[in-house]
Amino acid sequence: VKRTKDNNGELTRSLAARGFRATAQREQVYRVLLQHRDHPTAEQVFLRVKRRLPDISMATVYNCLDTLVQAGLVRQVQVDRAATRYCPNMTPHGHFHCVECGQVFDIPCGLQDAQAPFRLPRGFKVQSCEVSIQGRCPACADKARSQRSTPA
Ligand SMILES: [Zn+2]
Ligand SMILES: [Zn+2]
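Residues numbered from 1 in each chain as written. Chains lettered and ligands numbered in written order. Predicted model: local features only at pLDDT ≥ 70, side-chain atom pairs only at ≥ 80, totals over all residues. Heavy atoms only, no water.

J.: Explain the sheet that holds strand β3 (residues 93–98) to me, and be specific about the residues and the numbers.
T.: One open sheet holds the three strands; their spatial order is β4-β3-β5, and the pairing between them is mixed. Unpaired on one side and paired on the other, β4 (104–108) and β5 (132–135) mark the two borders of the sheet. With direction set aside, neighbouring strand axes in the sheet form an average angle of 30 degrees. (Pairing = 2+ DSSP bridges. Helix = DSSP H or I, 4+ residues; strand = E, 2+ residues; numbered from the N terminus. Axes fitted to C-alpha atoms, helices over the stretch in contact; angles between N-to-C directions.)

J.: Please give an account of the packing of helix α3 (residues 42–50) against helix α4 (residues 58–70) that cites residues and values.
T.: One way to put it is that α3 packs onto α4 with a least axis distance of 10 Å and a crossing angle of 110 degrees. Considering the angle they form, α3 stands roughly perpendicular to α4. The element α3 and its partner α4 pack so that their crossing is right-handed. Across the interface between the two elements, A42, E43, V45 and F46 from α3 touch M58, V61, Y62 and L65 from α4. Residues belonging to the contact of α3 with α4 are distributed by class as follows: seven nonpolar, no polar and one charged. (Parallel < 35°, antiparallel > 145°, perpendicular 65-115°, else oblique. Left-handed = near helix turned anticlockwise from the far one by under 90°. Contact = heavy atoms within 4.5 Å. Nonpolar A, V, L, I, M, F, W, Y, C, P; charged D, E, K, R; others polar.)

J.: Any chance you could break down α4 for me, citing the residues and the numbers?
T.: Taking 1.5 Å of rise per residue, 13 residues should cover 18 Å, and α4 covers 18 Å from first to last C-alpha, within 8% of that figure. Buried within α4 are the following residues: V61, C64, L65, T67 and L68. One side of α4 carries all its buried residues, which in axial view fall inside an arc of 160 degrees. (Expected span 1.5 Å × (residues − 1). Buried < 20%, exposed > 50% of the residue type's maximum accessible area, 1.4 Å probe, protein only. Arc of directions from axis to C-beta.)

Shown next as structure tokens:
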């Protein structure tokens, strides 16, 4: 598939630009993140990568994730006080965290510049901006609505 090929090229280039080599472990960790864009935790990534690389350790997975973050291919996401999650979508977007099912959805911010929604006081310089929204996803909102309308 063309898309996969492009991603591999991008991976090698982005890693090389930061002085990292594209190892088999880094490649598999990145592939796992691209395959299921459900914002997995490091532990979930570990379990998925282990199916392809049975000998990989948790420490190696953490190292790979760190490298991918430093190379600008993956970003860390904090939606609640639970473990850090990982997202391979590097276009500006916020995250919607469903309080019922726990899923994390990408919400496009519709702006090129993520700092635009905030009017910063003079002198402040933005380095990064994280937008995290809590609520119910459409499926959970529907469920809550139908439960309310059904007489007990
Ligand atoms: Zn939900
Ligand atoms: Zn995301």
